[in-house]
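These are the residues of each chain, in order.
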Amino acid sequence: MAVFEARGVSKFFPGVKALQGVSLTLEPGSIHALLGENGAGKSTLIKIITGVHRPDEGQLLLDGKPVEFGGPRDATAHQIGVVHQERNLIPRFSVGENIALEQLAGHPLRRVDYGKVNETARHWLKVLDLDIDPRIPVSQLSVAKMQLVEIAKALSLKSRVLLLDEPTAALTPHETDILFGLLRRLRDEGVSMLFVSHKLEEVQAICDRVTVLRDGRNACESRSMQGLGRQDLVRLMIGRAELIADWPSRDHSRAPAALRLQGVSTTLGHRNVDLTLRKGEIVGLYGLVGAGRTELAKCILGQFPVTAGTIEVEGKPAKIRDVADAIHRVGIGYVSEDRKQEGLVLMHSVLENAGITVWRRLARRFGFLTDGMVRAKTEPFIRRLAVRTPSLGQLVGNLSGGNQQKISVAKWLAAGVKVLIVDEPSVGIDIKTKAELHELLRELSETGTAILLITSDMPEMITLADRIVVMNAYRIEGEITNTRDYRAMSEGIMNLIHRVEAA
Amino acid sequence: MGPLSRYARTDWFGPLLVTVLAIVIVGAFNPSFLSPLNIQVLLLAISVNALIAFSQMIIIAVGQMNLSVGAIGGLAAISFAGMMQVWGLPAPVAAVLALLIGLGAGMVNGAFIAWTGISAFVITLASLSMFKGINLGITQAQPFYGIPDAVKAFGNTTFIDPLPWLVLPTALVAAGLWFLLNRQALGRFILAVGGNQHAAELSGISVGFTVVAAHAISGLLAALAGIMLVARLQIGQPTIGDDWLILSFAAPVIGGAVLSGGHVSVSATLLGVVIVAIITQALVLFNIDPFLVQVVLGVLILWAVGINRLRELRLRKAATAGA
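Residues numbered from 1 in each chain as written. Chains lettered and ligands numbered in written order. Predicted model: local features only at pLDDT ≥ 70, side-chain atom pairs only at ≥ 80, totals over all residues.

## Overview of the overall build of chain A
Thought 1: Looking only at helices and strands, chain A features 18 helices and 20 strands.
Thought 2: For chain A, the C-alpha radius of gyration of 24 Å lies close to 23 Å, the compact-globule estimate for 503 residues.
Thought 3: The dimensions of chain A, computed from C-alpha atoms along their principal axes, are 65 × 50 × 45 Å.
Thought 4: Expressed as a percentage of the 503 residues in chain A, the buried residues total 46%.
Thought 5: Long-range contacts, defined here as pairs at least 24 residues apart, represent 69% of the contacts in chain A between residues at least 6 apart. (Helix = DSSP H or I, 4+ residues; strand = E, 2+ residues; numbered from the N terminus. Rg over C-alpha atoms; globule rule 2.2 N^0.38 Å. Buried ≥ 20, exposed ≤ 12 C-beta atoms within 10 Å, placed from the backbone. Contact = placed C-beta atoms within 7 Å.)

## Quick notes on the confidence of the model for chain B
Thought 1: Overall, the predicted model of chain B reaches an average pLDDT of 90, with 96% of residues at or above 70.
Thought 2: Both confidence scores are given for the complex: pTM 0.74, ipTM 0.80. (pLDDT = per-residue confidence, 0-100.)

## Side note on the sheet that holds strand S1 (residues 4-13) of chain A
Residue and element names in this part refer to chain A.
Thought 1: Across the sheet, four strands lie side by side as S2-S1-S4-S5; this open sheet has antiparallel pairing. Bordering the open sheet on either side are strand S2 (16-26) and strand S5 (65-67), each of which pairs with just one other strand. Across this sheet, the average inter-strand angle for adjacent strands is 30°, counted without regard to direction. (Pairing = 2+ DSSP bridges. Axes fitted to C-alpha atoms, helices over the stretch in contact; angles between N-to-C directions.)

## Focus: the packing of helix H9 (residues 185-195) of chain B against helix H11 (residues 207-233) of chain B
To characterise two packed helices, one gives the angle between the axes of the helices and the distance between these axes.
Residue and element names in this part refer to chain B.
Thought 1: The N-to-C vectors of H9 and H11 enclose an angle of 105°; their axes lie 9 Å apart at closest approach. Here H9 is positioned roughly perpendicular relative to H11, judged by the angle of their axes. Mapping the contact onto sequence places Leu186, Phe189, Ile190 and Val193 in H9 and Val207, Thr210, Val211, Ala213 and Ala214 in H11.
Thought 2: Its residues placed into classes, the contact of H9 with H11 shows eight nonpolar, one polar and no charged. (Parallel < 35°, antiparallel > 145°, perpendicular 65-115°, else oblique. Nonpolar A, V, L, I, M, F, W, Y, C, P; charged D, E, K, R; others polar.)

## Topic: the interface of chain B and chain A
Interfaces are often sized by the accessible area lost when the parts come together.
Thought 1: Contact with chain B, which involves 23 residues of that partner, is made by 24 residues of chain A.
Thought 2: At the level of elements, H9, helix H10 (197-202) and helix H14 (291-322) of chain B are the ones that each hand at least two residues to the side of chain B that touches chain A.
Thought 3: Looking at the side of chain B that touches chain A residue by residue, the classes come out as 12 nonpolar, nine polar and two charged.

## Notes on the domain arrangement of chain A
Thought 1: For chain A, the assigned domains read domain 1 (4-242) and domain 2 (256-331 + 419-428 + 449-503).
Thought 2: Put simply, the middle of domain 1 of chain A and the middle of domain 2 of chain A, counted by C-alpha atoms, are 31 Å apart. (Domains from an automatic or database assignment.)

## Quick word on unusual backbone geometry
Thought 1: In this structure, B:Pro162 follows B:Asp161 across a cis peptide bond, with omega equal to -5°.
Thought 2: Structurally, B:Pro162 can be placed in the loop between strand S1 (158-160) and strand S2 (163-164).
Thought 3: One non-glycine residue with positive phi stands out, namely A:Ala473, at about 45°.
Thought 4: Given 18 C-beta atoms within 10 Å, A:Ala473 falls into the partly exposed group.
Thought 5: At B:Asn287, a position not held by glycine, the phi torsion is positive, near 55°.
Thought 6: With 7 C-beta atoms packed within 10 Å, B:Asn287 lands in the exposed category.

## Observations concerning the pairing of S1(A)
Residues and elements named next belong to chain A.
Thought 1: Pairing between S1 and S2: seven bridges, direction antiparallel. Residue phenylalanine 13 lies in a different strand from S2, and its bridge partner there is valine 16.
Thought 2: Note: S1 against strand S4 (residues 57-62), five bridges, orientation antiparallel. By the bridge assignment, glutamate 5 is partnered in S4 with leucine 61.

## A look at the sheet that holds strand S10 (residues 217-224) of chain A
All names here are of chain A.
Thought 1: Reading across from one edge, S6-S7-S8-S3-S9-S10 is the order of the six strands in this open sheet, with mixed pairing throughout. Looking along the sheet, the strands with just one partner apiece sit at the ends: strand S6 (80-83) and S10. The mean inter-strand angle of the sheet, taken between neighbouring strand axes irrespective of direction, is 15°.
Thought 2: Where strand S3 (residues 30-36) meets strand S8 (residues 192-196), five bridges bridge the pair, whose relative direction is parallel. Bridge pairing in S8 places leucine 34 opposite valine 196.
Thought 3: Strands in contact with helix H1 (residues 42-49) are S3, S6, strand S7 (161-165), S8 and strand S9 (209-214); relative to S7, the strand with the most contacts, it is inclined by about 150°.
Thought 4: Sheet strands in contact with helix H5 (residues 143-155) are S6 and S7, and its direction is about 175° off that of S6.

This is the structure:
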């Protein structure tokens, strides 16, 4: 019998139907893959299973009986353990105390018995074959070790259902192997696991069942992995290949370089990166989560130091001191992957957000600036993007995700940059807005702006990019000219990534 | 790793070094600094100031700040003095009631913060004004003079020369806080919420309860400081607490506390109080303008924050190198 079941679950957010009638059945002693593109509804489903969100329709069943979770603590109390994508450890606490924190919670007046805490922790660390002293603070561990400590923490709750949200993103192949060995052992002991990953080869290696989400619906529900090939999974994930717009191929090989990186190494760990963006060209930078793409963008922008190599903008060496320098002097713009945290000031109006990049240029003597001046500069772009907002005075936080994203692009159009770095532009926005955004980026490139497109969304990459550069483990692995033949392109990209992993 | 560099990583090592240096230097220039009488005066100041610092430290631990530390202390102080003078209550009863007022005031702060989700800065800014207003309403800005002799004696005599009675409550509080923060679940909750509130919540810790508890402790300690100050000054001054704010932050910060929460040290905070007291005294002994004390205190805070930042960077570097 199924340990856990989600039946016909729907979840609506203002303006977005995140999930519509999604079902999922977890069997005991099984590793179940949850697949889907970014924005397909995976994270919403995880949040429902872990009690962060409540479903608007449908129900959750545990051992066949309906349950409702009032919050994350409810879910853990029902032996649903989670290893979150983001760190959930208390950095100054010892490894042992982090693992045992759940057992302490709820007893504020109890004395903490560190002997017992460390003994429990040692047991779970041993289960994981981890050679970590439970007494050292978590802040002294590497990211990978922290990830494994989180797994130990989830296991220590004797979870019957264990959710692993991209658990390998920060792990080396060796650490991944250790983790997989452990997951198989847990499976044989009857634990039911839900494994979320973008790495299909991992899914094929370890999962026995699979549920695929697409646009908030089940593309397939809890079926066996038997007989499913990589291409079948991809087809389930992205649906029909016709999403790819039929734009003619362009050849920019004679255009002058807008941005050229030569032998660039950075403090974040990039080694010997060569990359050229020509005027009017869209170059896609593809890679798995953790490949170092966003990090490269931030180094180009001057947020983190470049330790070797040169960056040239329009043929001239550019010493970029900081982000302000990159924007105002050099002319490089960046649309952040995390628009809520880094791209927009949600509490400010549309006009203030769109104008933020031009204030410095427009400001007159003594920094004098009027709304009218900003409006004149930014309104044409907001109109062209068809941003659906009642007025320019509307707070950005009240707009839908797609419209927010349009505004974070609009502010760069107004700034008139030479190079625009766009990081995961269509995460969490619907298909129609996505198409509008694609047209906009294409148009922008026609006017001569060079665009570096960072995306994990393969169809988006093949729709937009003129050339695709593949990055893995902070190095450039190779480059393919986009022929817009989906199958050939995705195979070519995966081969480039694979070549490294096989080696 | 040698023993020296291991000590250098602790919070108390730097402040201890500064304390010893300060004692040696000031003592060399002015031998009367080490006279029993002067040591007694120093200890009196340290006893009260340590409680003020602890009252803020516990809130820093949970990742917030409490601007109303002085207002709560002042309110408890005049309540203590007023209940003895006006109602004729015996000192121990008045002290317990005044402590309860402090505890209650802290709980009100914590409850509002937990319930509304408004930042502690704003809530305690508002309650600072309210507590101070109540204080002035009760006292009409006039001090209470009717302090019993036993209380005055407690605040000004020694039990073994040169240790004043006031050292005792502070020593007990320091030991209790150390136990709370290092050995008791509630103290660990406070540090966990300060270190990573989200993770603490997902681990089943009730953030609201923890925040209220931290503010309650803070209020209690501020009230105790107020009561002890009444004993020492021998008068229930309505202005008690007005000048506590800077010191309350300075000592924990000198003691390596992380203002974003999750890390404080009782012993190092105590040393922070000692350093501030020594420097204040030294400036008096050397006849330096008392206004300069403020400037020196400011410099000291900046210096301490700088050292902490350096240590953090070095720790992080060591962590990445070891990974």
